[in-house]
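Topology and contacts: notes
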Amino acid sequence: MRTETVTDGLRLPRFNFGRGRADKNKNPSTTDGHSSPGDEKPQIVTLTFEQRLEAQQLFEAGQLLIEREDRLFWEINEAEKLTHHEEEVNKLAADHHALQGLVQKTLSLSLGEVSSETLTSAVKAVNQEEDQDQQWTQRDRTPPQWRPSEWKKLHDSTLRCLVEERLDNPATPPADKGNMSDIEADVCSMGRQLKEDLLSVVDEVKSCYPPEWNISNFYAGLYHEAFSARLRKIADFGLDDKDCTVLLHWVNEFYPEILQKQELASEIDIEALGKLLPEDLLKNLEEQYLSKQQDDLKTFIERILEGEEQKWNNEEEPTRRDGCFVSTVAYDIIQLINSTVKTAAKIVGDLHKAQSITCPLKDLMQRYKIFQKDVMKQDKPHSRPIIKAHLGSMEQFRDVLDKNKELFTEDVRKSLLHVLTDMKQTAHAYLLKHVHDVLRPQYRMLGTNDWLHKDVFEKLLESIEKEIQELRGSCESCHQKLIGQLHQEVAKEYVKRLLKGRVKLKDKERQLKAYGIVKDNAENLHHFFDKMGSEEDWCKEILTKIAEVLKLQDLPAIQMQVVSLGTAYPDLSEKHVSALLKLKTNLSRADRKIVKETLLDTLRETGCAGISRPFFYGVQVK
C-alpha cells in the first residue's frame with residue numbers, strides 16, 4: 001500500500017507492502033490479494049522537531065517549540081507545571097538551545113555557504129522568536145528562563161562576527177603582489193572582499209529578509225565599521241609615503257566608488273556611513289601626502305628650470321618648429337601641475353586641499369623670471385631666440401591660469417599672473433628696444449616743421465618695415481602681440497613728439513594742414529600695422545581725435561572734442577590737454593583754461609576712473 005507523509009503542503013513519498021491476500025467479498029476493490037491504489041487515502045504524518053531540524057526547516061521547528069512553550073507555560077497552571085512537567089520543560093529548554101545553535105550557524109554561513117531556503121527559514125525563525133518575546137511582555141505568567149531570547153541581537157552579533165572574520169581572512173588574496181607592500185596587499189584584499197560580499201548581499205541575501213530589515217544597509221554598516229577599524233589600526237602604526245597614499249586612495253576614492261556602484265547605491269545610505277577614518281587621523285595622512293606631493297612637484301619643476309639654465313650656459317639655441325623658436329618649459333610644468341593636482345584632489349577628496357600643492361610655484365616663477373632677466377642682461381647672440389621661445393611659454397602659463405583656475409589657490413594664481421605680466425612686458429621691451437634705437441632719429445622729425453612739409457612719416461614706416469623682420473621668430477599669437485605692442489609704442493612716440501610743441505600752428509590754414517597730416521598718418525599707421533597683424537585698432541581713434549582738435553576753431557566745439565577724448569581715455573591729464581592746445585597758438589590762455597575745466601568737471605560727474613586701455617600715462621610731457 002502506498003502512503004504519503006504530509007507536512008506544510010509538501011508530500012513526501014513512502015512505500016509500505018501488504019501482508020497477504022484479502023477476502024474478495026470483504027473488499028471487492030482488491031485484485032489478486034492487493035488493494036486497489038485508487039481506493040486508499042494518504043496518511044498524514046507530522047514531522048518531529050528533530051526531523052525538521054535535520055531538514056533545516058528552522059522556522060517550522062521554532063513553531064513546534066512555541067506551541068509546546070505556550071502549552072507548558074501559559075495553558076497549564078504554575079503548580080501543575082512544576083509538579084508534573086519538569087522533565088518536559090527541561091527537554092523544551094534543550095530543544096530551544098539546539099534550535100538557537102542551528103540558527104546561529106546558518107546565519108554565520110549567510111554569504112554563499114547556505115541555501116537561500118535555509119537562510120530564509122532562519123530569518124523567519126528569528127522574527128518568530130522576537131514576536132514570542134513580545135508576547136511574554138504582555139502576559140501575567142512567569143516566562144521560561146530563555147525569555148526574552150533576543151535572537152535579533154544574536155542575529156546582529158553573528159553577522160558582525162561573520163563580517164570581521166571575512167575581512168581578517170579574505171577569500172581572494174592577491175596571487176601576485178608585484179610591487180605592493182604588505183599593507184597595500186592587505187588593504188586591497190579587504191577592499192576586494194568587502195566589494196564582493198556587498199554585491200552578494202544585494203544579489204542573493206537580500207531576498208531572504210523582509211524589506212523592513214533593510215539588510216543591505218545593515219551589512220554595509222557592519223563592513224564599514226570593520227573596514228574602518230582595521231584601517232585605523234594601520235594608520236596608527238605610522239606609514240611611509242606610499243602606504244599613506246594607498247590608505248587615502250581607499251578612503252576617498254576606491255571605497256566611495258564601490259558604494260556608488262549602481263547595484264549598491266540604491267540600497268545603502270552612503271551619507272550616513274560617513275568617512276572610513278576619523279578626522280584627526282585623516283588630517284595627518286592628508287598633510288603627509290600633500291607635503292610629499294608638494295616637495296615632488298617643486299623638485300620636478302626645479303629640474304625643468306635647471307635644464308633650461310644649462311642649455312643657456314651651453315649657448316644652445318632653442319628648437320625651431322614651423323620657423324618659430326619654441327620652449328617646452330610651460331608644457332612640461334603645466335602637465336605636471338595638472339596631473340598632480342587632479343590626482344591629489346581624488347586622493348584627499350577635496351580640490352581646495354589639493355590646490356595647496358601649487359604654493360611653491362610663486363617662488364619657482366620668480367626663479368623663472370630671474371632666469372629671463374639674466375638672459376636679457378647678458379644679451380648674447382642666442383638671447384633673443386631664447387626670449388622669443390619663452391614668450392610662448394608665458395602665454396601657455398597664462399592660458400592655464402585663466403582657463404584652469406581650479407588647479408590653483410586664488411593667491412597663487414594672482415601672484416603668477418602678476419609675474420607673467422611683468423615678464424611679458426620686460427621681454428617685449430627687450431625685443432623692441434633695438435627697433436626703437438634704430439627709429440629714434442626719425443622719431444625726432446615728428447611734430448616739426450619738416451614733418452609739415454616733407455614725407456617724414458612715410459620714411460618712418462619704411463624703416464619700421466625693415467626692422468620688423470628682426471622681430472619674427474616667436475609663435476604666431478606671441479608675434480601678433482609683440483607687433484601690437486610696437487604699434488602702441490609708435491603711436492605713443494608720435495603723440496609725445498607732437499605734444500613737444502616744436503611746430504607752431506599760428507593760424508587756421510596751418511592748423512588744417514596739421515589736421516590733414518595727422519589724420520593721414522593715423523590712417524597709414526593703422527593700415528601698416530593691420531597688415532602686420534596688429535589688433536590695436538584703437539590707436540587710430542586717438543590720433544584722429546587729436547587731429548579733430550587741431551582742425552576745430554570754435555571754442556565750444558574744441559571743448560566737446562577734448563571731452564570726448566578725455567572720456568574715452570581718462571588718463572588724459574591737464575598737462576596733455578595744455579600741450580595739445582598750445583599747438584594752436586591763436587587760442588588764448590583763458591580759452592585753454594576753460595577747455596581744461598570743462599574736461600575736469602565732466603570726468604568728475606561721469607566718474608570715469610576705470611581705464612580699459614591706458615595710453616596717455618606712457619606719454620611724458622613737461
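How each quantity is defined
- Residues numbered from 1 in each chain as written.
- Predicted model: local features only at pLDDT ≥ 70, side-chain atom pairs only at ≥ 80, totals over all residues.
- Heavy atoms only, no water.
- UniProt positions renumbered as here; feature names shortened; annotations may be inferred.
- Helix = DSSP H or I, 4+ residues; strand = E, 2+ residues; numbered from the N terminus.
- Buried < 20%, exposed > 50% of the residue type's maximum accessible area, 1.4 Å probe, protein only.
- Contact = heavy atoms within 4.5 Å.
- Areas by Shrake-Rupley, 256 points an atom, 1.4 Å probe, with all protein chains shown as cover.
- Polar contact = N/O pair within 3.5 Å; in protein donor to acceptor, adjacent residues only side chain to side chain.
- Patch = residues over 30% accessible without salt bridge, like charges linked within 9 Å, V, L, I, M, F, W, Y side chains within 5 Å.
- Salt bridge = Lys/Arg side-chain N within 4 Å of Asp/Glu carboxyl O.
- Lys, Arg positive; Asp, Glu negative; His and termini not counted.
- Charge placed at Lys NZ, Arg CZ, Asp CG, Glu CD.
- Expected span 1.5 Å × (residues − 1).
- Core = buried A, V, L, I, M, F, W, Y, C linked by side-chain atoms within 4.5 Å.
- Axes fitted to C-alpha atoms, helices over the stretch in contact; angles between N-to-C directions.
- Parallel < 35°, antiparallel > 145°, perpendicular 65-115°, else oblique.
- Left-handed = near helix turned anticlockwise from the far one by under 90°.
- pLDDT = per-residue confidence, 0-100.
- Phe/Tyr/Trp six-rings, centres within 6.5 Å; stacked < 30°, edge-to-face > 60°.
- Lys NZ or Arg CZ within 6 Å of the ring centre and 35° of its normal.

As recorded in an unreviewed UniProt entry, the chain goes by the name Exocyst complex component Sec6, listed as coming from Perca fluviatilis. On record in UniProt, under Sequence similarities (unreviewed entry), the comment for the chain is "Belongs to the SEC6 family."

Of the regular secondary structure elements, the chain holds 25 helices and four strands. The buried share of the chain, reckoned over its 622 residues, is 47%. Once local pairs closer than 6 in sequence are excluded, the contacts in the chain between residues at least 24 apart make up 73%. With an accessible surface of roughly 33,000 Å², the chain has 48% of that area assigned to carbon and sulfur atoms.

Among the structural elements, Ser578 can be located in helix α24 (residues 574–582). When the C-alpha positions of Ser578 and Leu499 are compared, they lie 9.0 Å apart, and in sequence the two are 79 residues distant. Only 2.9 Å separates the side chain of Ser578 from the side chain of Lys596, close enough to count as a polar contact.

Here we take up a positive patch on the surface. There is a patch of like positive charges on the surface, built from Arg444, Lys500, Arg502 and Lys622. Structurally, the position occupied by Arg444 is in the loop between α17 (410–443) and α18 (449–453).

All right, on to helix α12 (residues 279–313) then. A rise of 1.5 Å per residue sets the reference length of α12, with its 35 residues, at 51 Å; its end C-alpha atoms lie 50 Å apart and thus fit the reference within 8%. At the C-terminal side of α12, Glu315 shows a positive phi close to 60°.

Ranked by size, the top nonpolar core spans 176 residues in total, and within it Tyr219, Phe227, Leu247 and Ile464 carry the most contacts. Here this core takes 13 residues from α17, the largest share from any one element. In this view, Leu247 contacts Ile183, Val187, Leu231, Ile234, Ala235, Leu239, Leu277 and Leu285; residues no more than four positions away in its chain are not counted.

Quick look at the pattern of salt bridges now. The final tally for this structure, using the stated rule, is 33 salt bridges. Among the salt bridges present, the one from Glu129 reaches Arg147, with a minimum N-O distance of 2.7 Å. In this pair, Glu129 is assigned in helix α5 (residues 116–137) and Arg147 in the loop between α5 and α6 (151–168), connecting sequence segments 18 residues apart. We classify Glu129 as buried; its relative accessible area is 1%. A salt bridge links Lys311 to Glu308; its shortest N-O distance comes to 3.5 Å. With a gap of three residues between them, Lys311 and Glu308 both fall in helix α12, about one helical turn apart. By relative accessible area, Lys311 is classed as partly exposed at 37%.

Pro148 follows Arg147 through a cis peptide bond whose omega is 0°. Within the secondary structure, Pro148 sits in the loop between α5 and α6. Phi angles above zero are rare outside glycine, and Asn214 is one such case at about 50°. Of note, Asn214 is situated in the loop between α7 (182–203) and α8 (215–237). One non-glycine residue, Asp322, lies in positive phi territory at about 55°.

Turning next to the packing of helix α20 (residues 476–499) against helix α22 (residues 538–551). Closest axis-to-axis distance for the α20/α22 pair is 10 Å, and the angle between their directions is 15°. On the basis of the axis angle, α20 is roughly parallel to α22. The two elements α20 and α22 meet at a crossing, and its hand is left-handed. In contact with His487, Gln488, Ala491, Tyr494, Val495 and Leu498 of α20, α22 contributes Trp538, Cys539, Leu543 and Ile546.

The subject of this paragraph is the confidence of the model for the chain. Reading predicted coordinates in detail is not appropriate for stretches of low pLDDT. A residue-level look at the chain finds 89% of positions with pLDDT of 70 or above and a mean pLDDT of 89. Segment residues 1–38: pLDDT under 50, and 47 contacts once partners within four positions in sequence are set aside and those in other chains are kept.

Right, let's get into the packing of aromatic side chains. Considering all chains together, one arrives at twelve aromatic pairs under this definition. Ring centres 5.3 Å apart and planes at 80° place the aromatic pair Trp250 and Phe254 in the edge-to-face group. Residue Trp250 and its partner Phe254 are located together in helix α9 (residues 241–259), separated by four residues, close to a single helical turn. Geometrically, the ring pair formed by Phe615 and Phe616 is edge-to-face, given 5.1 Å between the ring centres and 80° between the ring planes. Since its relative accessible area comes to 2%, Phe616 is described here as buried. Cluster of aromatic residues (ring-pair linked, three or more members): Phe227, Trp250, Phe254 and Tyr255. Directly above the ring of Phe218 sits Lys152, whose terminal nitrogen or CZ lies 5.6 Å from the centroid. The ring of Tyr430 is capped by Arg384, whose NZ or CZ atom sits 5.0 Å from the centre of that ring.

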